[in-house]
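Examination of the molecular architecture
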Amino acid sequence: MKRLTAASAILSLGLATTALAELCDDIGAVSAQSDAVQMTLPSTQETVTCKRALMLSGGAQVHCSWAFDYRVPEASQAFEHLVKSVGQCMGDDAAITADLNVNHPDFYDLQTFELGGQEIAVSLKDKAALSQTYVFLRITLPR
């Protein structure tokens, strides 16, 4: 039985490593020319279409969102896993900023990673009026 458990752990680690590599590749492949890109949430393997949006400053960002039932533990777990994964993709030299000081009626958490002009933000937002909790990924595209 212990062999099966060890084998399962090794297989699980391999799948997690593959999911992380795919996420890092997906983030690296995002470009200003992409109007829509596919992105997979590592913890759930749910793929969504992310959309490019123009910024007032003239730059562009890619926004992804994954919806969950309101305040289910899976949403927080997905957020934490995505934060950890993006941190691993960005590396140890990335500056991390946590932003919780907002006037928001529901729960909100934001972790922003910045390295060499590249900014990636991961947020968790409860939307009581929609009865949903969202995990967001925002990638600011270099000019």
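Here is a short report on the structure shown in this document.

Description of the sheet that holds strand 5 (residues 108-115)
As summarised here, the arrangement of the 7 strands in space is 1-2-3-7-6-5-4, forming an open sheet in which the pairing is antiparallel. Each having just a single partner strand, strand 1 (36-41) and strand 4 (95-99) make up the two edges of the open sheet. Neighbour-to-neighbour, the strand axes of the sheet open up by a mean angle of 20°, direction not taken into account. By the bridge criterion, 6 bridges tie strand 1 to strand 2 (residues 46-54) in an arrangement that is antiparallel. Opposite Leu 41, over in strand 2, you have Glu 46 as the bridge partner. Docked against the sheet, helix 2 (residues 73-90) engages strand 1, strand 3 (60-69), strand 5, strand 6 (118-127) and strand 7 (132-141), running at close to 175° with respect to strand 6.

Observations regarding the side chain of Thr 112
You can see Thr 112 is positioned in strand 5. By relative accessible area, which is 12% here, Thr 112 ends up buried. With sequence-adjacent residues up to four places away left out, Thr 112 is seen in contact with Ala 95, Ile 96, Thr 97, Glu 119, Ile 120 and Ala 121.

Structural notes on the state of the cysteines
Under the criterion given, the structure shown has 2 disulfides. Bridging Cys 24 to Cys 89, the disulfide has an S-S length of 2.0 Å. Judged by the sign of its S-S torsion, about -95°, the cystine formed by Cys 24 and Cys 89 is left-handed. Of this pair, Cys 24 sits in helix 1 (residues 2-29) while Cys 89 sits in helix 2, and the two are 65 residues apart along the sequence. The partly exposed category is assigned to Cys 24, whose relative accessible area is 26%. The disulfide partner of Cys 50 is Cys 64, and the S-S distance across this bridge is 2.0 Å. Between Cys 50 and Cys 64, the S-S torsion sits near 110°, and that sign places the bridge as right-handed. With Cys 50 in strand 2 and Cys 64 in strand 3, this residue pair connects regions lying 14 residues apart in the sequence. Look at Cys 50 and you get buried, because its relative accessible area is 1%. For Cys 64, a relative accessible area of 1% translates into the label buried. Ordinal numbering of bonded cysteines along the protein defines a disulfide pattern of 1-4, 2-3.

What counts and what doesn't
Residues numbered from 1 in each chain as written. Predicted model: local features only at pLDDT ≥ 70, side-chain atom pairs only at ≥ 80, totals over all residues. Heavy atoms only, no water. Pairing = 2+ DSSP bridges. Helix = DSSP H or I, 4+ residues; strand = E, 2+ residues; numbered from the N terminus. Axes fitted to C-alpha atoms, helices over the stretch in contact; angles between N-to-C directions. Contact = heavy atoms within 4.5 Å. Buried < 20%, exposed > 50% of the residue type's maximum accessible area, 1.4 Å probe, protein only. Disulfide = S-S within 2.5 Å.

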